[in-house]
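# Remarks on the overall topology
Each chain is listed here by its residues.
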Amino acid sequence: MPSWVEEGYAHYAKRMPADCRLELIEIPAGQRRKNVDIARVLKKESDKQLAAIPNGCQVIALDVAGRTWSTTELAHNLSTWMGSGRDIALLVGGPEGLHADVLQRAELRWSLSPLTFPHPLVRIVLAEQLYRGLSLLRNHPYHRA
């Protein structure tokens, strides 16, 4: 990833408290060359994603067809997730999205927007939105509605 992506993600990840820390597990995207079987690439990526999910995690797929949430709704969801005592695995797909196996494994599908974002930008937006939602829960002045 470019340095601006690493810096942007790290900026918000380091702000998260220990009880809601972010851990990034990056799975390299498969090769997307001319005449490559994209279905096979997606399947390989999904196998790696599913294998990387720690036991007991609630899986949330970031998917354009998922539900969109306001900041207040995200904060409520964060509160619910933290209260469950389970870790959360947020799965982000590559250029073609997530494979059907990953979507089937997910307990929730979340759409950041109906717009299509580049993968590097999603990483930063996701970290910032999680920080914002937590700030709202904890009455931190970062979020000003």
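Residues numbered from 1 in each chain as written. Predicted model: local features only at pLDDT ≥ 70, side-chain atom pairs only at ≥ 80, totals over all residues. Heavy atoms only, no water.

With that settled, consider the packing of helix 3 (residues 71-84) against helix 5 (residues 119-137). At a minimum axis distance of 8 Å, the contact between helix 3 and helix 5 shows a crossing angle of 80 degrees. Overall, the two elements helix 3 and helix 5 adopt an arrangement that is roughly perpendicular. Where helix 3 abuts helix 5, its residues Thr 71, Thr 72, Leu 74, Ala 75, Leu 78, Ser 79 and Met 82 lie against Gln 129, Leu 130, Arg 132, Gly 133, Leu 134, Leu 136 and Leu 137. Residues of the contact of helix 3 with helix 5, tallied by class, amount to eight nonpolar, five polar and one charged. (Axes fitted to C-alpha atoms, helices over the stretch in contact; angles between N-to-C directions. Helix = DSSP H or I, 4+ residues; strand = E, 2+ residues; numbered from the N terminus. Parallel < 35°, antiparallel > 145°, perpendicular 65-115°, else oblique. Contact = heavy atoms within 4.5 Å. Nonpolar A, V, L, I, M, F, W, Y, C, P; charged D, E, K, R; others polar.)

It is worth spelling out the layout of surface pockets at this point. Roughly 1,200 Å³ of internal volume is contained in the largest pocket. If you trace the largest pocket, you find 41 residues lining it, with Glu 23, Leu 24, Ile 88, Ala 89 and Leu 90 closest to the centre. Every element with two or more residues in the lining of the largest pocket is listed here: helix 2 (38-52), helix 3, strand 2 (88-92) and helix 5. A per-element tally of the lining of the largest pocket places helix 5 first, with six residues. The residue makeup of the lining of the largest pocket, split by class, is 28 nonpolar, five polar and eight charged. As a volume, the second largest pocket reaches approximately 430 Å³. Together, 20 residues line the second largest pocket, and Leu 62, Val 64, Gly 94, Thr 116 and Phe 117 are the ones closest to its centre. If you list the elements that add at least two residues to the lining of the second largest pocket, you get strand 1 (58-67) and helix 5. Per element, the largest residue contribution to the lining of the second largest pocket is three residues, and it comes from strand 1. A per-class count over the lining of the second largest pocket returns 11 nonpolar, seven polar and two charged. (1 Å grid on protein atoms, 1.4 Å probe; cavity = no way out; pocket = protein on both sides within 12 Å on 5 of 7 lines; lining within 4 Å. Points joined across faces, edges and corners; volume = space filled by probe spheres on them.)

Scanning the entire structure with this criterion turns up nine salt bridges. We note a salt bridge from Asp 47 to Lys 43, for which the minimum N-O separation is 3.0 Å. In this pair, Asp 47 and Lys 43 both sit in helix 2, four residues apart, roughly one turn of the helix. Note that Asp 63 is salt-bridged to Arg 109, the shortest N-O span being 3.7 Å. (Salt bridge = Lys/Arg side-chain N within 4 Å of Asp/Glu carboxyl O.)

Tallied over the entire structure, the rule returns three aromatic pairs. Seen in terms of ring centroids, Tyr 12 and Tyr 131 are 6.2 Å apart; in terms of plane orientation they differ by 45 degrees. Their pairing is tilted. Here Tyr 131 lies in helix 5 and Tyr 12 lies in helix 1 (residues 3-13), a separation of 119 residues in the sequence. Classification of Tyr 131 as buried rests on a relative accessible area of 8%. Between Trp 69 and Trp 110, the ring centres sit 4.8 Å apart and the planes meet at 25 degrees, which makes this aromatic pair stacked. One end of the pair, Trp 69, is in the loop between strand 1 and helix 3; the other, Trp 110, is in strand 3 (residues 108-110), with 41 residues separating them in the sequence. With relative accessibility at 3%, the residue Trp 110 sits in the buried group. Taken together, the ring pairs connect Trp 69, Trp 81 and Trp 110 into an aromatic cluster. (Phe/Tyr/Trp six-rings, centres within 6.5 Å; stacked < 30°, edge-to-face > 60°. Buried < 20%, exposed > 50% of the residue type's maximum accessible area, 1.4 Å probe, protein only.)

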